Amino acid sequence: MTEPIFGTMVPAMVTPFTDDGELDLEATQTLAEHLVSNGADGLVVTGTTGETSTLTDDENIQVFEAVVEAVGGRAKVVAGTGMNDTAHSAHLSQRAQAAGVDGLLLVTPYYNKPNQAGIQAHFEHIASATDLPIMLYDIPGRSVMPIEPDTLMTLSKHPNIVALKDAKSDYQSTTLVLANTDLTVYSGDDGLTLPLMAAGAVGVVSVTGHVAPRTYRELVDAANAGDFATARQKHFELDPIQRAVMTHVQGAVAAKTVLAWQGIIPSARVRLPLVGVTDDEAALIKTDLAEGGITL
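Residues numbered from 1 in each chain as written. Predicted model: local features only at pLDDT ≥ 70, side-chain atom pairs only at ≥ 80, totals over all residues. Heavy atoms only, no water.

In the nomenclature of an unreviewed UniProt entry, the chain is known as 4-hydroxy-tetrahydrodipicolinate synthase of Enteractinococcus fodinae. Quoted verbatim from the Subcellular location (unreviewed entry) heading of the UniProt record, the comment on the chain is "Cytoplasm". Turning to the chain, the UniProt record has this under Pathway (unreviewed entry): "Amino-acid biosynthesis; L-lysine biosynthesis via DAP pathway; (S)-tetrahydrodipicolinate from L-aspartate: step 3/4." (UniProt positions renumbered as here; feature names shortened; annotations may be inferred.)

Below is the structure:
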């Protein structure tokens, strides 16, 4: 298999803050180093899990620069620059290119509820504003509007649009895209990595990958090698860990909480409107992690 342009095990990295809620660039670099040293060959920074909606443009750029400095050349750095203001997203994408990132993650414009023609025009405008390769992010659970397969087929003809993070939870839709485009597809839903890779996805952009990066590395490598017996076993091993991170609280909150418990980042602080875990939520997370072999 030709190595995908953005890697195959790609954590959607949290953005560490201090206890005061300020950007913690030292912790950001430490986390990036940790993830790459434990199996990540790409990192998505300032995506949904990176709390991009509460970062200023300058903070976004500081994160891009810090992660490129820490792991550039060892892993692909993909900057989340998608928002629901097309011109603003294009401007931030240009600044990201100047910061040295390897690619862009562009989410469907949320809240505005554009039709498919508007979604297509939005992505094409941003894709034409830089020279960087682009991963589209289809997540109608957050953006409301899906990117329909026909729209993805059209967008795939743009020379800079090369990949798709698929969080639609619609296997038939993804099958149509895999069968009719050359887009490199990534699972955007941790629990669906195995079935999506069975259909031709190359890997995962993962939240739970913060907590069990080596096991995701093993799952992805096994599936890409056609060893689905091993991949299935890793899928089962990861299930309680995925439940811990993805079912009790928002993913960024859970990932930061566990990373802080593990001593990988110094603070689990998130910015409003997200809030930290309650004692009851923490107990549920720890119970699931223990089932997955992670004790804290």
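K.L.:
Even after reading the chapter, I still don't get the pairing of strand S5 (residues 134–138), so can you show me in this structure?
P.N.:
Regular strands place side chains that alternate from one sheet face to the opposite one. With 5 of 5 residues buried, S5 is to be regarded as a mostly interior element. Side-chain alternation along S5 places Ile134, Leu136 and Asp138 on one buried face and Met135 and Tyr137 on a second face that is also buried. As paired strands, strand S4 (residues 103–107) and S5 are joined by 4 bridges and run parallel to one another. Across the sheet, Leu106 pairs through a bridge with Leu136, a residue of S5. Crossover S4 to S5 through helix H4 (residues 116–127) is right-handed. Bridging between S5 and strand S6 (residues 161–166) involves 5 bridges; their strand directions are parallel. Paired with Ile134 across the bridge in S6 is Ile161. (Buried < 20%, exposed > 50% of the residue type's maximum accessible area, 1.4 Å probe, protein only. Helix = DSSP H or I, 4+ residues; strand = E, 2+ residues; numbered from the N terminus. Pairing = 2+ DSSP bridges. Right-handed = clockwise from strand over helix to strand, strands pointing away.)

K.L.:
What is the right way to look at helix H7 (residues 171–180) in this model?
P.N.:
For an α-helix, 3.6 residues make a turn, and residues three or four places apart therefore share a direction. Taken together, the buried positions of H7 are Ser173, Thr174, Val177 and Leu178. Seen along its axis, H7 keeps its buried residues to an arc of 135 degrees; they face one direction. When the buried face of H7 is taken as reference, the exposed residues oriented beyond 90 degrees from it are Gln172 and Ala179. Close packing links the buried residues of H7 with helix H6 (149–155), S6, strand S7 (184–187) and helix H8 (193–199). (Arc of directions from axis to C-beta. Contact = heavy atoms within 4.5 Å.)

K.L.:
Whenever I open this one, the UniProt feature "site: Part of a proton relay during catalysis" (unreviewed entry) in the chain confuses me. Can you help?
P.N.:
UniProt records the feature "site: Part of a proton relay during catalysis" (unreviewed entry) at Thr48 and Tyr111, using the numbering of this structure. Position of Thr48 among the secondary structure elements: in the loop between strand S2 (42–45) and helix H2 (57–71). Residue Thr48 is classed as partly exposed on the basis of its relative accessible area of 26%. If sequence neighbours within four positions are ignored, Thr48 has contacts with Tyr137, Arg142 and Gln250. Relative to the assigned elements, Tyr111 resides in the loop between S4 and H4.

K.L.:
What am I meant to see in the sheet that holds S7 here?
P.N.:
What the 8 strands build is an open sheet, ordered S1-S8-S7-S6-S5-S4-S3-S2; its pairing is parallel. Looking along the sheet, the strands with just one partner apiece sit at the ends: strand S1 (9–11) and S2. With strand direction ignored, the average angle separating the axes of adjacent strands in the sheet is 25 degrees. With respect to the sheet, H4 is in contact with S4, S5 and S6, its orientation differing from that of S4 by roughly 160 degrees. (Axes fitted to C-alpha atoms, helices over the stretch in contact; angles between N-to-C directions.)

K.L.:
Explain the packing of H2 against helix H3 (residues 86–99) here, please?
P.N.:
Pairs of packed helices are described in terms of their axes, by the angle between the two and the distance that separates them. Packing of H2 against H3 leaves a shortest axis separation of 9 Å and a crossing angle of 30 degrees. What the angle tells us is that H2 and H3 run roughly parallel. Seen from above, H2 lies across H3 with right-handed handedness. Facing Asp57, Asp58, Asn60, Ile61, Phe64, Glu65 and Val68 of H2, the residues of H3 in contact are His88, His91, Leu92, Arg95, Ala96 and Ala99. For the contact of H2 with H3, the residue count by class is 6 nonpolar, 3 polar and 4 charged. (Parallel < 35°, antiparallel > 145°, perpendicular 65-115°, else oblique. Left-handed = near helix turned anticlockwise from the far one by under 90°. Nonpolar A, V, L, I, M, F, W, Y, C, P; charged D, E, K, R; others polar.)

K.L.:
Before we go on, may I ask you to explain unusual backbone geometry in this structure?
P.N.:
The general pattern is negative phi for most residues beyond glycine and trans for most peptide bonds. A cis amide bond links Leu272 to the next residue, Pro273, at an omega of 15 degrees. Within the secondary structure, Pro273 is located in the loop between helix H11 (251–261) and helix H12 (279–291). Its identity as a non-glycine residue notwithstanding, Lys113 has a phi of 55 degrees, on the positive side. One can find Lys113 in the loop between S4 and H4. Using a relative accessible area of 52% as the deciding quantity, one classes Lys113 as exposed. The backbone of Ser169 shows a phi angle near 55 degrees, a positive value even though the residue is not glycine. Relative to the helices and strands, Ser169 resides in the loop between S6 and H7.

K.L.:
Would you explain the UniProt feature "active site" (unreviewed entry) in the chain in this entry?
P.N.:
Taking the numbering used here, the UniProt-annotated feature "active site" (unreviewed entry) corresponds to Tyr137 and Lys165. Across 29 residues, the annotated set stays spatially compact, with a maximum C-alpha separation of 4.7 Å. Along the chain, Tyr137 falls in strand S5. Setting aside anything within four residues of it in sequence, one finds Tyr137 in contact with Thr48, Leu105, Leu106, Val107, Thr108, Ile147, Lys165 and Ala167. Its place among the elements puts Lys165 in strand S6. Sequence-distant contacts of Lys165, defined by excluding residues within four places in its chain, comprise Leu105, Met135, Leu136, Tyr137, Asp138, Tyr186, Gly188 and Val205.

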